[in-house]
Amino acid sequence: MTTFVKNIVIVLTLLLSISVFGQKPLTQEDKIYNAVDSFVANPTAENLNHLNSTEKAFWKNPTPKTKNELLAIVILNCNKAYYENQFNKVQEAVSSYEKAWKTYQKYRLNNYDIIEFCLKPLGNLYTILGDYDNAENTIKQYYYIANQEKNQPKKIAAILNLSNVYQNSGKIDLAIDLLEKTIKTEKLSNIQKGILWNNLGNSYVLSYRNPDRIVKIIPNIFEKLEASYHNSIALLKSDKTQTETLANCYRNLASLNSQWQKFELANSYFEKARKYFYTTPNLSARKKAKFKYEEASLLFQQQKLKESIAVIESIFKLLIPNYSNKKNSLPEQNSLYTETSLLDALDLRAEIYSKQNQAKKALEAYHLAYHIEELFSNMMVYENSKIINQHRVRNRTEKCIALYDALYQKEQKQTYIEAAFQLAEQSKSGVLKNHLLQNKRISRKEKLHIEQLQNWSNTILKEQQKGDLANIEKINEAIQKQNELMLSLKKIRVTNTDSEKETIDLKALFVKLEQDKSVMIEYFSGFEKMYYFTLENQKIKLDYYWDNHTATPRIISFLDYFSDANKINENISNYNHYGHSLYKMLKLPQNSNYKNLIIIPDGILNFLPFEALITQESNTTNFAQMHYLLNDYNIGYQNSAQFYLSFDPSKKTQEKTVLGIFPVFENTPYTLTYSKDELHSIQKNFKGKYLENTEATFDNFKKNAADYSILHLSTHADAGDIVSPASIKFYDQEILYSELYHLNINPDLVVLSACETGIGKLYKSEGAADFNWRERKTCYFPFGK
């Protein structure tokens, strides 16, 4: 190095030392805020990596964290989540908001609007993703915080968002009650009233779609739902900040009139919606895509297929980078992600392909929609959200089965029927299958998390059942604990990305049916048709009957005979007639080579005693001489063909022993007088342990249940309703059905000798849940090989 160069280096070093002299080094807090400011000035997907690096460096640094530093990292995560959502990285956005909320709670931070910048958007994302339990818990938590702070605008925002969750999760009555009460009792601004009226209109529409609700709950439903939207428009029209809500009102009126086939009026309303919508500032790609989907749907209903396709392709362009809109082009599977507008657009594109008689292209589009649905499902922790999500999946499955059937009729290829059966089978008890599979695979740590999560859910439910006497602080504490567990559980599961749907081994299934000398019939309850698959002689046959306005009432009429013994005795000939009529409608196997029949019911058929159906109508009034299906077959039930295939009678205990639970409740208003007779009768025929009165506690049941092959509970039970969950009474306490989920038991048979144990909430995907044992566990088959 020359002397000249050395001198230059010395001068530069001196200048540098002068420029930094007297300045303090950047603190950790400063570094975080600088990273956030730099990113917000130039928010790109690539620059998100810098925020991620800043966050990782912060947690990697072993020095103790100050509250100011922790709050800075909360703000970093909230900003990161906001832009991740803007960049359609929904899963990453949820994760960032969850991390922010967890840090904020754990370190008891303050001086930040955590509701506005974290909890509100997080709750909304949960709702969009269909994770309704997490959405409800999050919204209730920030409602509690807003209530404590006496922050009325945030309270009303929580009520509005909670009503959205209720609408989407099928709790329409709760949404209507909440909104009507708020409009009547709260002091509201015109803007607040207008927004709430719009949401109330949405709730009325959802109620209107269920005919039973119109009469029982909401008289003058048509006038009320239209009036709700017009009330909202009148209150908001003069406010230039409410263009998006006004657009929503007109969109809803357009949708309503299109359902009534009033397309001219629907189009007029939609054009008004367009005017307000596109004058709304800062519209996200997701909101634009949702608006475009509604436009495409309106065009489709008017049979304007080309125009609808063009709008759908614009949705793909908007949401999928590098989408190529070649003729009849669908997105690549690896470009898809958790986005409801993408899901809806694919479903609508499939329907258009069906209209154009392109069945294979329709199935290709539906296959892509299934992929997105699976991504949604993998993000969910709570069982209830998964069940609601399956309802949407089943609507798609019905359309796919119809397409496969049409292809089979045209090409006579058995592979189409097999593909339809696989889809129907995947719709059967998916949540229960996943639960049983998890119990085999997951770690002890994860199991404990799931159990604790359920325990806190039970605490919330039990406290809520107290009504006005409920302790709000206790509920909020339980929701907070539940959220902490949920976030921790997601962290445990983050490495498990296996989302492959299980397919049933058809060859193995046919072999087992042959060995058991059995024929199987599996039903799939759709919106329009009841499909049924008959499996016999190494082959599957597919057929259906129309599940129209007469089919379900016929089943209900037959079930009514079993609600009261006098009904059968007083109408024996009618029972004979309806029993035979139903037998013919259900197309049960006839003249089979086998005498064992396995039935996999669906929908309302979960409640039907198939054994009592009449195979030949006669004039006899003697029940013993009637021709029952039971005379033709030994009948067994299952939730799915997969459960039947995995059932191995050889692994069951040879000696049948009973654990009997008989609380009796003597000297109380709940006394079960004949329960003792029941006990003595069973004791004569089975060895076992019989717990009476004070010994019939839940704790004693848990301690002994795993040691017996038959569990017999003679007690009180309640099937629950939309608000209250199902429950069953032990001597010392009433237990919610969900408290039984995590018991490590696998009995051959469970007998629930109590009221309302054969009914419950009916989920087409899961069956009659709660205390219908056919749903919750594998059934025992009386016949073997």
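Residues numbered from 1 in each chain as written. Predicted model: local features only at pLDDT ≥ 70, side-chain atom pairs only at ≥ 80, totals over all residues. Heavy atoms only, no water.

Asks: Hey, could you go over the overall build of the protein for me, with residue numbers and the actual values?
Replies: A tally of helices and strands in the protein yields 32 helices and 16 strands. Taking all 785 residues of the protein together, the buried fraction comes to 50%. Long-range contacts, defined as pairs at least 24 residues apart, comprise 69% of the intrachain contacts of the protein with a sequence gap of at least 6. (Helix = DSSP H or I, 4+ residues; strand = E, 2+ residues; numbered from the N terminus. Buried < 20%, exposed > 50% of the residue type's maximum accessible area, 1.4 Å probe, protein only. Contact = heavy atoms within 4.5 Å.)

Asks: Give me the nonpolar core: which residues, what numbers.
Replies: Among the nonpolar cores identified, the biggest contains 120 residues, and Ile114, Phe421, Leu509, Met520, Phe533 and Leu535 are the most heavily contacted of them. Counting 34 residues, the second largest nonpolar core, distinct from the first, contains Tyr523, Tyr532, Tyr545 and Phe558. (Core = buried A, V, L, I, M, F, W, Y, C linked by side-chain atoms within 4.5 Å.)

Asks: Go over the packing of aromatic side chains with me, naming the residues and quoting the values.
Replies: Counted according to the given criterion, the structure contains 29 aromatic pairs. Ring centres of Tyr544 and Trp546 lie 5.9 Å apart, and the angle between their planes is 85°; on these two criteria the pair is classed as edge-to-face. These aromatic residues form a ring-pair network of at least three members: Phe558, Tyr561, Phe562, Tyr575, Tyr578 and Phe623. In this arrangement the basic side chain of Arg349 is found over the ring face of Tyr353, its NZ or CZ atom lying 3.7 Å from the centre. (Phe/Tyr/Trp six-rings, centres within 6.5 Å; stacked < 30°, edge-to-face > 60°. Lys NZ or Arg CZ within 6 Å of the ring centre and 35° of its normal.)

Asks: Any details on the environment of Asn267? Residues and values, ideally.
Replies: Inspection of the secondary structure assignment puts Asn267 in helix H14 (residues 263-277). A relative accessible area of 26% means that Asn267 is categorised as partly exposed. Linking Asn267 and Leu253, residues 14 residues apart in sequence, is a C-alpha distance of 9.8 Å. When near neighbours in sequence (up to four residues on either side) are disregarded, Asn267 contacts Leu298 and Gln302. A polar contact of 3.0 Å, which involves the side chain of Asn267, links it to the side chain of Gln302. (Polar contact = N/O pair within 3.5 Å; in protein donor to acceptor, adjacent residues only side chain to side chain.)

Asks: Can you explain the side chain of Asn199? Please cite residues and give values.
Replies: Residue placement: Asn199 occurs in helix H10 (residues 190-208). Overall, Asn199 belongs to the buried group, its relative accessible area being 6%.

Asks: Describe in detail the packing of H14 against helix H15 (residues 285-301), supporting the description with residues and values.
Replies: When two helices pack together, you describe them by how their axes are tilted relative to each other and by the distance separating the axes. Running from amino to carboxyl end, H14 crosses H15 at an angle of 165°, the nearest separation of the two axes being 11 Å. Classed by the angle they form, the pair H14 and H15 counts as roughly antiparallel. Helix-helix and strand crossings are classified by hand; for H14 and H15 the assignment is left-handed. Residue-level inspection shows Phe263, Ala266, Asn267, Phe270, Ala273, Arg274 and Phe277 of H14 in contact with H15, the latter providing Lys287, Lys288, Phe291, Glu294, Glu295, Leu298 and Gln301. In terms of residue class, the contact of H14 with H15 is made up of seven nonpolar, two polar and five charged. (Axes fitted to C-alpha atoms, helices over the stretch in contact; angles between N-to-C directions. Parallel < 35°, antiparallel > 145°, perpendicular 65-115°, else oblique. Left-handed = near helix turned anticlockwise from the far one by under 90°. Nonpolar A, V, L, I, M, F, W, Y, C, P; charged D, E, K, R; others polar.)

Asks: Would you mind going over the pairing of strand E14 (residues 749-753) in detail, with residue names and values included?
Replies: The side chains of a regular strand alternate, residue by residue, between the two faces of the sheet. Burial of the side chains of E14 is restricted to one face: Val750 and Leu752 are buried, whereas none of Leu749, Val751 and Ser753 on the reverse face is. Examined bridge by bridge, strand E10 (residues 710-714) and E14 share five bridges and lie parallel to one another. The residue bridging His712 from the neighbouring strand is Val751, located in E14. (Pairing = 2+ DSSP bridges.)

Asks: Please provide a residue-by-residue account of the pattern of salt bridges, values included.
Replies: According to the stated counting rule, one finds 27 salt bridges in the structure shown. With a closest N to O distance of 3.7 Å, Glu55 and Lys80 form a salt bridge. A residue pair is termed long-range when its members are at least 10 positions apart, and Glu55 in helix H3 (residues 48-60) and Lys80 in helix H4 (residues 67-86) qualify at 25 residues. In this structure Glu55 comes out as buried when scored by relative accessible area, which is 7%. Linked through salt bridges whose partners overlap, the residues forming this network are Glu55, Lys80, Glu84 and Lys99. (Salt bridge = Lys/Arg side-chain N within 4 Å of Asp/Glu carboxyl O.)

Asks: Tell me about the sheet that holds strand E2 (residues 529-536), residues and numbers included.
Replies: Ordered in space as E3-E2-E1-E4-E7, the five strands form an open sheet in which the pairing is mixed. Strands with a single pairing partner mark the edges of an open sheet, and in this sheet they are strand E3 (539-546) and strand E7 (634-637). Strand-to-strand twist of the sheet, defined as the mean angle between neighbouring strand axes without regard to direction, takes the value 20°. As defined by bridge partners, E2 adjoins E3 across eight bridges and the pair is classed as antiparallel. Bridging across to E3, Phe533 finds its partner in Leu542. Relative to E3, helix H20 (residues 414-426) is tilted by about 65°, and along the sheet it contacts strand E1 (518-525), E2 and E3.

Asks: Just give me the short version of the sheet that holds strand E11 (residues 717-718), but keep the residues and values in it.
Replies: Here we have three strands laid out as an open sheet, ordered E11-E12-E13, and antiparallel in their pairing. This sheet does not close on itself; its edge strands, each paired only once, are E11 and strand E13 (734-736). Of the strand pairs in this sheet, strand E12 (residues 727-729) and E13 are connected by three bridges, and their pairing is antiparallel. Across the sheet, the residue bridging to Ile728 is Ile735, located in E13.

Asks: Let's hear about the state of the cysteines: which residues, and what values?
Replies: Overall, the coordinates contain zero disulfides when judged by the stated rule. Not engaged in a disulfide, the cysteine Cys118 finds its nearest cysteine sulfur in Cys78; these two sulfurs lie 4.3 Å apart. (Disulfide = S-S within 2.5 Å.)

Asks: Pulling in residues and values, what's your account of the packing of H15 against helix H16 (residues 305-319)?
Replies: Taken N-terminus to C-terminus, the directions of H15 and H16 make an angle of 165°; their axes are 8 Å apart at the nearest point. On the basis of their axis angle, the class for H15 and H16 is roughly antiparallel. Note that H15 runs across H16; the crossing there is left-handed. When H15 is examined against H16, the residues Ala285, Arg286, Lys288, Ala289, Lys292, Tyr293, Glu295, Ala296, Leu299 and Phe300 are found in contact with a partner set consisting of Leu305, Glu307, Ser308, Val311, Ile312, Ser314, Ile315, Leu318 and Leu319. Of the residues in the contact of H15 with H16, the class split is twelve nonpolar, two polar and five charged.

Asks: So what about a positive patch on the surface? Which residues, and what values?
Replies: Positive charge collects at one region of the surface, where Lys102, Lys106, Lys445 and Lys491 lie side by side. On the secondary structure map, Lys102 appears in helix H5 (residues 90-106). (Patch = residues over 30% accessible without salt bridge, like charges linked within 9 Å, V, L, I, M, F, W, Y side chains within 5 Å. Areas by Shrake-Rupley, 256 points an atom, 1.4 Å probe, with all protein chains shown as cover. Lys, Arg positive; Asp, Glu negative; His and termini not counted. Charge placed at Lys NZ, Arg CZ, Asp CG, Glu CD.)

Asks: Explain unusual backbone geometry residue by residue, including any values.
Replies: Excluding glycine, residues mostly carry a negative phi; peptide bonds, for their part, are mostly trans. Here Lys150, not a glycine, exhibits a phi torsion of approximately 55°, which is positive. Structurally, Lys150 can be placed in the loop between helix H7 (132-148) and helix H8 (152-168). For Asn537, which is not glycine, the phi dihedral falls at a positive 55°. Mapped onto the elements, Asn537 comes out in the loop between E2 and E3.

Asks: Give me helix H6 (residues 114-129): which residues, what numbers.
Replies: Helix length check: H6 (16 residues) gives 21 Å between terminal C-alpha atoms against 22 Å at 1.5 Å per residue, within 8%. Those residues of H6 lying buried are Ile114, Ile115, Cys118, Leu119, Lys120, Leu122, Gly123, Leu125, Tyr126, Thr127 and Leu129. A positive backbone phi angle near 85° is found at Gly130, which sits one or two residues after H6. (Expected span 1.5 Å × (residues − 1).)

Asks: Requested: an account of H16, with residues and values cited.
Replies: At 3.6 residues per turn, the α-helix brings residues three or four places apart onto the same side. Given a rise of 1.5 Å per residue, 15 residues ought to cover 21 Å, and the 21 Å separating the end C-alpha atoms of H16 matches this to within 8%. Along H16, the positions that sit buried rather than exposed are Leu305, Ser308, Ile309, Val311, Ile312, Glu313, Ser314, Ile315, Phe316 and Leu319. Of the surrounding secondary structure, the elements contacted by the buried residues of H16 are H15 and helix H17 (340-355).

Asks: Before we move on, can you summarise the side chain of Thr138 with the specific residues and values?
Replies: Secondary-structure assignment places Thr138 in helix H7. Here Thr138 falls in the buried class, since its relative accessible area comes to 3%. Once residues lying within four places of it in the same chain are set aside, the contact partners of Thr138 are Leu119, Leu122, Gly123 and Tyr126.

Asks: I'd like a rundown of the environment of Leu246, residues and numbers included.
Replies: Tracing the backbone shows Leu246 in helix H13 (residues 243-259). Contacts of Leu246, omitting those with residues within four sequence positions, involve Ile233, Leu236, Lys237 and Tyr276.

Asks: I'd like to hear about the environment of Lys584, residue by residue, with values.
Replies: Of note, Lys584 is situated in helix H27 (residues 572-585). Through-space distance from the C-alpha of Lys584 to that of Ile614 is 9.1 Å; in sequence the pair is 30 residues apart.

Asks: I'd love a proper account of the confidence of the model for the protein, names of residues and values included.
Replies: Per-residue confidence for the protein averages 85 on the pLDDT scale, and 87% of its residues sit at or above 70. Within the model, the stretch residues 14-21 combines pLDDT values under 50 with zero contacts to residues more than four positions away or in other chains. (pLDDT = per-residue confidence, 0-100.)

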